[in-house]
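Here's the letter readout for the chains.
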Amino acid sequence: QNPLPPLYCTEFSVQKIPYKDFFLAPLFSLYYNLILDTCIHISTERNRRKDKTMKRVGFLTSGGDCQALNATMRGVAKGLYQIYKDEVEIIGFEDGYKGLMYANYLMMKQSDFSGVLTKGGTMLGTSRQPFKLMRVPDKDGLDKVAAMKHTYHKLSLDCLVILGGNGTHKTANLLREEGLNVVTLPKTIDNDLWGTDMTFGFQSAVDIATDTIDRIHTTATSHSRVFIIEVMGHKVGHVTLHAGIAGGADVILLPEIPYDIDVVTGVIQKRAAADKKFTIIAVAEGAISKEDARLKKKEYKEKLAKRKYPSIAYELAEKIQQKTDKEVRITVPGHTQRGGSPCAYDRVFATRVGAAAAELILNQEYGYMIAMKNQKITKVPLQDVAGKLKMVDPQDGIIKEARTIGISFGDQ
Ligand code: F6P
């Protein structure tokens, strides 16, 4: 465990003033008294001021990483340093909630937040700590929630700044219910957090997935093949939808719009008949067929567990090959979609939400997630966010517009 430097350190100690000198050297009594008074005054003033204004804030990043985690922490930190000058201390917890549970932390310096705007990953590290296991003791019998509360109180934190996605928000809300001061920031490439139009990481991931589709386009024009690009998103299809449209995909398959394999192969054949040499399919990791969508959740999970293919793209490829005799190629950009520098949009967004979090801390408004609604930065109560997914709405304008220009969602 890291040693914790004293927060309210006093520069002068009253006991160190040699009292006996008052009796031995009455001539100097006035002088000593003056010094003593000044010391006491400075010391008390200093403590009083610090007791009132000094802030100690914990930072943690949890769940899958994404671009702009560092940029967001930088935004919060710079905001706090502007507001509190040197009267704020930031403690970084390592590897998400794990750091809070096991008291693995480091004292951050202002310089830690310099030069990180463009850096991918997270300087604090992260881990997935499933919400459903939060009330289950760890292998050594440790009560995780109690341990997190203990660390928070032991460090005399004023609040916790938590950067995370859906699972992270459920735990953040749990900590709020347990009486901790929490401010959260919307992180995930999936953009599936309820209560915000945007999450940081999303635009960067869309750019990368789009770039992948663009590169496939050039090779696709040289070959008469079907290309499948599998985009991240097990539960929701926002990244696939946006990258699919931006990359000019012919077919976009999403978890929210179950597909019919015959409709998909129909599109391929129609394109071939119209002398279009290739077909590009953008498929989300969690895309599901109409047939599977009819199964109960448990049945589908069991089916997935037995699936002989590594992922949906491989299953689709085999079926398309069987039904069309077309050569099929698969590209899975995978975690590259979460890697590297944040795009310009995410840097701006991270800075805005970071600054807004610092403002909330200044105003002691806890229990909120910073969000964006209708282009405005706002705050949403954590209890409203926790446990809800923001999915692609099949009736949304973007889907209708995509259909209008002939993009197929494999459903009709
Ligand atoms: O939640 C973000 C995300 O990248 C999803 O899009 C993806 O399905 C999942 O995480 C991958 O998780 P992991 O990094 O644990 O393999």
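All values derive from a computational prediction rather than experimental measurement.

## Some thoughts on the sheet that holds strand β4 (residues 159–164)
Reading across the sheet, the 7 strands line up as β3-β2-β1-β4-β5-β10-β11 and stay open at both edges, with mixed pairing between neighbours. Pairing within the sheet leaves two strands with one partner each, and these edge strands are β3 (105–108) and β11 (376–381). Looking at each pair of strands side by side, their axes are set apart by 30° on average, direction ignored. Here strand β1 (residues 55–61) pairs with strand β2 (residues 88–93) via 5 bridges, running parallel.

## Topic: helix α3 (residues 69–84)
In a regular helix each residue adds 1.5 Å, so 16 residues correspond to 22 Å; α3 covers 22 Å between its end C-alpha atoms and thus fits that length. Burial within α3 is extensive, with 13 of its 16 residues counted as buried. Just downstream of α3 lies K85, where phi reads positive at about 55°.

## Description of the site of the ligand
If you check the shell around the ligand, you find R128, I189, D190, M232, G233, H234, E285, H335 and R338 and nothing else. Here an oxygen atom of the ligand sits 2.6 Å away from a polar atom, N or O, in the side chain of E285. Within the side chain of R338, a nitrogen or oxygen atom sits 2.8 Å from an oxygen atom of the ligand. Within the complex, the protein chains bury 72% of what would otherwise be the 400 Å² of accessible surface of the ligand. Of the residues in the shell around the ligand, the class split is 2 nonpolar, 3 polar and 4 charged.

## As for the sheet that holds strand β6 (residues 225–231)
The sheet built from 4 strands is open, its strands ordered β7-β8-β6-β9 with parallel pairing. Each of the sheet's edge strands pairs with one partner strand only, and the pair in question is β7 (251–253) and β9 (327–331). Strand-to-strand twist of the sheet, defined as the mean angle between neighbouring strand axes without regard to direction, takes the value 20°. Where β7 meets strand β8 (residues 279–284), 3 bridges bridge the pair, whose relative direction is parallel. Note that in β8 the partner of L253 across the bridge is V283.

## Observations concerning the layout of surface pockets
Looking at the second largest pocket, its volume works out to about 370 Å³. Around the second largest pocket sit 16 residues that line it, and D250, V267, R271, G406 and S408 are the ones nearest its centre. When residues of the lining of the second largest pocket are assigned to their parent elements, the largest contribution, 5 residues, is made by helix α9 (residues 261–273). Residue composition of the lining of the second largest pocket, by class: 6 nonpolar, 5 polar and 5 charged.

## Quick word on the pattern of salt bridges
Any two side chains of opposite charge can pair if their charged atoms end up close together. In the structure shown here, the tally under the stated rule is 20 salt bridges. The partner of R135 in a salt bridge is E178, and the shortest N-O contact between them spans 2.9 Å. Of this pair, R135 sits in the loop between β3 and α5 (144–154) while E178 sits in the loop between α6 (166–177) and β5 (182–186), placing them 43 residues apart in sequence.

## Considering the packing of α3 against helix α13 (residues 344–362)
Helix packing for two helices is described by the angle between their axes and how far apart those axes are. At a minimum axis distance of 7 Å, the contact between α3 and α13 shows a crossing angle of 40°. One way to sum up the angle between α3 and α13 is to call them oblique. At the point where α3 passes α13, the crossing takes the right-handed sense. Residues A71, T72, R74, G75, V76, G79, L80, I83 and Y84 of α3 form the contact with α13, whose participating residues are A350, T351, V353, G354, A355, A357, A358, E359, I361 and L362. Each residue belonging to the contact of α3 with α13 can be placed in one class, and the counts come to 12 nonpolar, 5 polar and 2 charged.

## Concerning unusual backbone geometry
The phi angle at N191 is positive, at roughly 50°, despite the residue not being glycine. With respect to the helices and strands, N191 occurs in the loop between β5 and α7 (202–220). One non-glycine residue, Q364, lies in the positive phi region at around 50°. Tracing the sequence through the fold places Q364 in the loop between α13 and β10 (368–373). Looking at Q364, the relative accessible area reads 52%, which means it is exposed.

## Let's talk about the packing of aromatic side chains
Note on aromatic pairs: each is described by the distance of the centres and the angle between the planes. Tallied over the entire structure, the rule returns 4 aromatic pairs. Ring geometry for F93 against Y105: centres 6.1 Å apart, planes inclined by 70°, an arrangement best described as edge-to-face. You can see F93 sitting in strand β2 and its partner Y105 sitting in strand β3, a full 12 residues away along the chain. Note on accessibility: F93 and Y105 belong to one class, buried. Between the aromatic rings of Y345 and F349, the centroid separation amounts to 6.2 Å while the plane-to-plane angle is 25°, which identifies the pairing as stacked. Of the two residues, Y345 and F349 both sit in helix α13, 4 residues apart, roughly one turn of that helix. The partly exposed category is assigned to Y345, whose relative accessible area is 33%. The exposure class of F349 is buried, given its relative accessible area of 3%. Taken together, the aromatic side chains of F59, Y81 and F113 make up a single cluster linked through ring pairs.

## Topic: the nonpolar core
One recurring pattern in soluble globular proteins is that nonpolar side chains are buried together. Membership of the largest hydrophobic core comes to 62 residues, with the highest contact counts inside it found for F59, L80, L185, F200, I280, I361 and F409. Those residues in contact with F59 that lie beyond four places of it in its chain are M73, V76, A77, L80, I90, I91, G92, F93, F113, L124 and V161. Of all hydrophobic cores here, the second largest spans 27 residues; its members include Y97, L100, Y105 and V380.

## Observations concerning the packing of helix α8 (residues 238–246) against helix α15 (residues 397–404)
At a minimum axis separation of 12 Å, α8 and α15 run at an interaxial angle of 35°. α8 and α15 meet at a crossing whose hand is left-handed. Residue-level inspection shows L241, H242 and I245 of α8 in contact with α15, the latter providing I398, I399 and A402. Grouping the constituent residues of the contact of α8 with α15 by class yields 5 nonpolar, 1 polar and no charged.

Thresholds, definitions, all that
Residues numbered from 1 in each chain as written. Predicted model: local features only at pLDDT ≥ 70, side-chain atom pairs only at ≥ 80, totals over all residues. Heavy atoms only, no water. Pairing = 2+ DSSP bridges. Helix = DSSP H or I, 4+ residues; strand = E, 2+ residues; numbered from the N terminus. Axes fitted to C-alpha atoms, helices over the stretch in contact; angles between N-to-C directions. Expected span 1.5 Å × (residues − 1). Buried < 20%, exposed > 50% of the residue type's maximum accessible area, 1.4 Å probe, protein only. Near = heavy atom within 4 Å. Polar contact = N/O pair within 3.5 Å; in protein donor to acceptor, adjacent residues only side chain to side chain. Areas by Shrake-Rupley, 256 points an atom, 1.4 Å probe, with all protein chains shown as cover. Nonpolar A, V, L, I, M, F, W, Y, C, P; charged D, E, K, R; others polar. 1 Å grid on protein atoms, 1.4 Å probe; cavity = no way out; pocket = protein on both sides within 12 Å on 5 of 7 lines; lining within 4 Å. Points joined across faces, edges and corners; volume = space filled by probe spheres on them. Salt bridge = Lys/Arg side-chain N within 4 Å of Asp/Glu carboxyl O. Parallel < 35°, antiparallel > 145°, perpendicular 65-115°, else oblique. Left-handed = near helix turned anticlockwise from the far one by under 90°. Contact = heavy atoms within 4.5 Å. Phe/Tyr/Trp six-rings, centres within 6.5 Å; stacked < 30°, edge-to-face > 60°. Core = buried A, V, L, I, M, F, W, Y, C linked by side-chain atoms within 4.5 Å.

Take it as geometry only, folks, not as evidence of what the structure does.
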